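Residues per chain, in single letters:
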Amino acid sequence: MTAQPRIQPQSAATDAPASGALTLSALSKRFAIEGRALPVLDGIDLSVRPGEFVSIVGASGCGKSTLLRLIVGLDTDYSGEIRLDGKRITGTSLDRGIVFQDHRLFPWMTLEENIGLALLNSEIPKEQRARIVCEHIALVNLTGFEKAYPHQLSGGMAQRAAIARALVTEPTLLLLDEPLGALDALTRVHVQTELQRIWMRQRSTVLMVTHDVEEALYLGDRVIVMAPNPGRIRRIVDVDLPHPRDRSSPVLHRLRDEILAELTGAPDPENLVRFPAQEPR
Amino acid sequence: MNRPLPRIALGLIVPALILVWWTVQSNAGGARALAFVPLGTIAATFADLATGGLLLGDALTTLSRAVTGLLLGGIAGIALGVAMATLRPVDRLVGPIYHAVRQVPLLGWLPLIGLWLGNGESAKLLIIGLAAFYPTVLGTYEGIAHVERRYLDVGRVYGFGAVQRFRHLLLPAALPLILTGITQAIAFAWIATIGVEILLGAGGGLGATMGIAQAQQRMDIILVAIAVTALLGFAINHLFARLRGHLLRWQGNPA
């Protein structure tokens, strides 16, 4: 940690990379369940700037994960448009990386084999791959565990390895599907901090789905609040704070309360239950 | 209880008890002594057969026959299992006949195969090969057909082609079940080898010797052949279990 160059606090607007602009227009997706069409995403319009970190929060069932599957190209059955740097997305590609909630490292491969596997079809010359894999293992602080199998890693380590695997192809867009959802609270905070550090170095565009509002605010330049049935954008919150951020910032706390109120259905003063004979304090 | 010495000692308790019981029976006199050949006589017969080279020859014949049948049936089984799991038309075409035919006990085929191929080597290898074939097809098919979608997604994200998908994803993911199939195939092939040697007499081997000894009422020879069959089978199984453990070292120790 001491050898690392000091990263200057900067906002996403300055020093933005040239590529990684994601636009979603009128994006809709429906599943056919027992012959009936069930809409899961309805008319999503969103434009993400190159190098921006956008968090998506919402109740379960609001189609957050489906949205990421569409953007990464695992599901191409949708209406509307998804474009990355102007190019329409028609399938998977190495310019888009993804980290799932479960790390999905192949259990039969060591850590370095798993990460190297992501480069199988990359244009990076073979002789440079080992070095690049090594650098990315170092990036997520797993040096020394190259030969470990996934079952020998802790949950946090495995998830960091999955992040390294997603980053090794240097994608212009990184998709994170509740990447820290399965980790315990302490490990979570730790990996969040690392994620912020890594993002500030790599500066790829990031779209992160999470159910943790604090996490969404701590990392995101913007937070998209989604509503369920069918999934749609309810509100977009700008988090106008430079990175790296201070978790205890009052702005983050105020925004958290606002978003939580929105997600849990803001109590309407008309509907509040009035307790009788409340004592004065 | 995982240190080797106490474990081996424990495993020997039941065989030792059986030997004691055996000795008691053979000392009971009368007709008993005929069926329960005294241990001393068995040991003498063993020494006799071993020094004459007869036992070694039989064991090698049986072993090479079993291995040949296992390789033929096993390789064909893996090939068909892969084809059925990855190509739907193949599954539709040969799946039903495979599942129907494997219900028939191998003994049931014996008269027919004897009629087609006689009682020579090819008839024996066909039976042994079939014994190894059935479980290998099943293990390979189940293993590949049930590779988890979440891993297949990873393969798609990194743009795997068909060959990459097979080599880096399907095959290693299916390996535990393929190896389970082969473990069964080894046991079945070994049993089938002894069986066809007994039933199709000619051509030597431990089973053939058992058959001849039965005709001559030499219980001692039968018992020696049985003991060698059991020990060899145990050794093969043990060696393969170690190979399996090595190939699946990435699974860790299931607690």
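Quantities reported herein were computed from a predicted structural model and do not represent experimental measurements.

Chemist: Go over the overall build of chain A, please, and point to the residues and values.
Modeler: When you go through chain A residue by residue, the secondary structure sums to seven helices and 10 strands. Among the 281 residues that make up chain A, the fraction classed as buried is 39%. The long-range fraction of contacts in chain A, counting pairs at least 24 apart against all pairs at least 6 apart in sequence, stands at 71%.

Chemist: Could you give me a rundown of the pairing of strand E2 (residues 36-48) of chain A, with the residues and numbers involved?
Modeler: Residues and elements named next belong to chain A. Both strand E1 (residues 22-33) and E2 contribute to a ladder of nine bridges, which runs antiparallel. Across the sheet, the residue bridging to Leu 27 is Ile 44, located in E2. Counted between consecutive antiparallel strands, the loop separating E1 from E2 contains two residues, among which Glu 34 sits at a positive phi close to 50 degrees.

Chemist: Can you lay out helix H7 (residues 121-145) of chain B for me, pointing to particular residues and giving the numbers?
Modeler: Over its 25 residues, H7(B) extends 35 Å from the first C-alpha to the last, a length consistent with the 36 Å expected when each residue adds 1.5 Å. Most of H7(B) sits out of view: 21 of its 25 residues are buried.

Chemist: With reference to specific residues and values, describe the UniProt feature "transmembrane region" (unreviewed entry) in chain B.
Modeler: All names here are of chain B. On the UniProt side, "transmembrane region" (unreviewed entry) is annotated at positions that read residues 36-57, 69-88, 100-118, 125-144 and 221-240 here. In residues 36-57, helix accounts for 77% and strand for 0%; the two terminal C-alpha atoms are 26 Å from one another. End C-alpha atoms of residues 221-240 are separated by 29 Å, and the span's content is 100% helix alongside 0% strand.

Chemist: Give me the lowdown on the sheet that holds E2(A), citing residues and values where you can.
Modeler: All names here are of chain A. The strand order across the open sheet formed by four strands is E2-E1-E4-E5, and the pairing between neighbours is antiparallel. The outermost strands of the open sheet, each flanked by one partner alone, are E2 and strand E5 (87-88). Here strand E4 (residues 79-84) pairs with E5 via two bridges, running antiparallel. When the sheet's bridge partners are listed, Arg 83 is paired in E5 with Arg 88. Packing of helix H1 (residues 64-72) onto the sheet brings it into contact with E1, E2 and E4, and relative to E2 it is tilted by some 70 degrees.

About the cut-offs
- Residues numbered from 1 in each chain as written.
- Chains lettered and ligands numbered in written order.
- Predicted model: local features only at pLDDT ≥ 70, side-chain atom pairs only at ≥ 80, totals over all residues.
- Helix = DSSP H or I, 4+ residues; strand = E, 2+ residues; numbered from the N terminus.
- Buried ≥ 20, exposed ≤ 12 C-beta atoms within 10 Å, placed from the backbone.
- Contact = placed C-beta atoms within 7 Å.
- Pairing = 2+ DSSP bridges.
- Expected span 1.5 Å × (residues − 1).
- UniProt positions renumbered as here; feature names shortened; annotations may be inferred.
- Axes fitted to C-alpha atoms, helices over the stretch in contact; angles between N-to-C directions.

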